[in-house]
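Residue-level structural notes
Listed below, chain by chain, are the residues.
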Amino acid sequence: MPHEKTLLDLRNALHAIRQDNLSVADFCRIWRAQTPLLSALPPRFGDVMEDLLGRLEAGSLFTEESCSFSQIDLLATLHTWLDKAQQSLAKT
C-alpha cells in the first residue's frame, strides 16, 4: 500500500503523544502535514481529522480533562480514524 509508511508515522505520533513524548502542537503539525494521504482519501476524512485536531488543540488549553474535550477520547477517535483510513485505502 503506497501510504503504509505515512499511516505508521501517524500511529507512532499517537503513541508518542500518549506517552507525553510529543506536544499537542507538534502532534497536530505532523498530522496536518500528511496532504498526500488526505488527497488519497475521500474528502470527509480531512474534515473529520481537522475537527478532531481542532478539538484536541482547544482541549490542550485546559489543565484538566474537560468533558467536551477529553484528550484520551479524542486520541482514541483518531486511532479509529486511522483504522478507517487504512480500510478505505485498501479498497482502492
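Residue indices follow the written sequence of each chain, beginning from 1 at its first position. In keeping with the predicted nature of the model, local features appear solely for residues at pLDDT of at least 70, side-chain atom pairs appear and are counted solely at 80 or more, and the whole-chain, interface and lining totals rest on all residues. Excluding hydrogens and water, the side-chain figures rest on all heavy atoms present in the structure.

A look at the pattern of salt bridges
The test is simple: Take a side-chain nitrogen of Lys or Arg and a carboxyl oxygen of Asp or Glu: if they are within 4 Å of each other, that pair is a salt bridge. Counting from the N terminus, the helices are DSSP H or I runs at least four residues long and the strands are E runs at least two residues long. A 1.4 Å probe rolled over the protein chains alone gives each residue an accessible area, and that area as a share of the maximum for its type sets the label: buried under 20%, exposed over 50%, partly exposed in between.
Applying the stated rule across the entire model yields six salt bridges. Two residues, Lys5 and Asp9, come together in a salt bridge whose shortest N-O distance is 2.9 Å. One end of the pair, Lys5, and the other, Asp9, are both in helix α1 (residues 4-18), four residues apart, so they sit about a helical turn from each other. Owing to a relative accessible area of 30%, Asp9 belongs among the partly exposed residues under this scheme. Of the charged contacts in the structure, one is a salt bridge between Arg32 and Glu50, with a shortest N-O distance of 2.7 Å. Linking Arg32 in helix α2 (residues 24-32) with Glu50 in helix α4 (residues 43-59), this pair joins segments that are 18 residues apart in sequence. Its relative accessible area of 37% is what places Glu50 among the partly exposed residues. It is possible to trace a salt-bridge network through shared partners that takes in Arg32, Glu50 and Glu57.

Concerning the packing of α2 against helix α5 (residues 71-91)
Worth spelling out the cut-off: A fitted line through C-alpha atoms represents every axis, and for helices the fit uses only the stretch in contact; the resulting angles, taken between N-to-C directions, go from 0 to 180 degrees. Our angle categories are set so that under 35 degrees counts as roughly parallel, over 145 as roughly antiparallel, 65 to 115 as roughly perpendicular, and the remainder as oblique. If you view the pair so one helix is near and one far, a crossing is left-handed when the near helix is turned anticlockwise from the far one by less than a right angle, and right-handed when it is turned clockwise. We call two residues in contact when some of their heavy atoms are within 4.5 Å.
Taken N-terminus to C-terminus, the directions of α2 and α5 make an angle of 15 degrees; their axes are 14 Å apart at the nearest point. The orientation of α2 with respect to α5, classified from their angle, is roughly parallel. In this structure, α2 crosses over α5, and the sense of that crossing is left-handed. Residue-level inspection shows Val24, Phe27 and Trp31 of α2 in contact with α5, the latter providing Gln71, Leu75, Leu78, Trp81 and Leu82.

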